[in-house]
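Reading the structure
Next come the chains, spelled out residue by residue.
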Amino acid sequence: MERILNQVTVLRRRNMQAIRGKNTAPELAVRRELHRMGYRFRLHASDLPGRPDIVFRRRMKAIEVRGCFWHRHSAFECRNAVVPKSRREWWLAKLGSNVERDRRNLEAIEALGWDVLIIWECEVADAGLGRRLATFLGFPTSVKGNEKGANPHRKERQWLSV
Ligand SMILES: [Zn+2]
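Residues numbered from 1 in each chain as written. Predicted model: local features only at pLDDT ≥ 70, side-chain atom pairs only at ≥ 80, totals over all residues.

On to the sheet that holds strand β4 (residues 115-120), then. Taken together, the four strands give an open sheet; going across it, the order is β1-β2-β3-β4, and neighbouring strands pair in mixed fashion. Either end of the sheet is taken by a strand with one partner, and the two such strands are β1 (42-43) and β4. Inspection of the sheet shows strand β2 (residues 54-56) paired to strand β3 (residues 61-66) by three bridges, in the antiparallel sense. Its bridge partner being in β3, Val 55 is matched across the sheet by Ala 62. (Pairing = 2+ DSSP bridges. Helix = DSSP H or I, 4+ residues; strand = E, 2+ residues; numbered from the N terminus.)

With that settled, the discussion passes to the pairing of β3. Judged by how many residues are buried, β3 sits mostly within the fold: five of six residues are covered. If you look at the hairpin formed by β2 and β3, you'll find four residues sitting between the two strands, and Met 60 has a positive phi there, around 55 degrees. Strand direction decides the pairing type here: β3 and β4, joined by six bridges, are parallel. From the neighbouring strand, Ile 63 faces β4, where its bridge partner is Leu 117. (Buried ≥ 20, exposed ≤ 12 C-beta atoms within 10 Å, placed from the backbone.)

Bringing the environment of Leu 34 into the picture now. Within the fold, Leu 34 resides in helix α2 (residues 25-36). Taking the C-alpha atoms as reference points, Leu 34 and Leu 129, separated by 95 residues in sequence, lie 9.8 Å from one another.

Among the nonpolar cores identified, the biggest contains 15 residues, and Val 30, Leu 34, Phe 41, Ile 54, Ala 62, Ile 63 and Ile 119 are the most heavily contacted of them. Elements represented by at least two residues in this core include exactly α2, β2, β3 and β4. Per element, the largest residue contribution to this core is three residues, and it comes from β3. Excluding anything up to four places from it in sequence, Ile 119 contacts Val 30, Ile 63, Val 65 and Val 124. (Core = buried A, V, L, I, M, F, W, Y, C linked by C-beta atoms within 7 Å. Contact = placed C-beta atoms within 7 Å.)

Everything listed here is a matter of coordinates, which is why it stays silent on function.
Here's what the structure looks like:
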């Protein structure tokens, strides 16, 4: 029984990842870039509105990496954001509710005092990505000890290396 329940949990988690777009290739690319630049961060903070992908708690900054199709990047700027011609009304409603949810979550997290940088899937390969991240975040903390020093109760295992 327990094994079956575990399998259900695993399946459900996988399904949620697909729907919510967690750990997608564009997100992994941004995480790799941040890590290369020396930033340390946490992932998918479930205590914050919208469970932002990448979280910098001390800075109160978060990064969301959004798929252009599912989150409707501007159709003027992005050819990935085209709504399918068949079942068009259904898609418009479906994608529209995603956009609405994104907007509500963004408002809610900003109301808590957080800054959020949104990176669209089609922007991940831009040459200027690193500069954009650095401008948003400020200097990386070069030594792990600095961050640990800021909060001695923080547990080492909470640091994720990607
Ligand atoms: Zn796009």
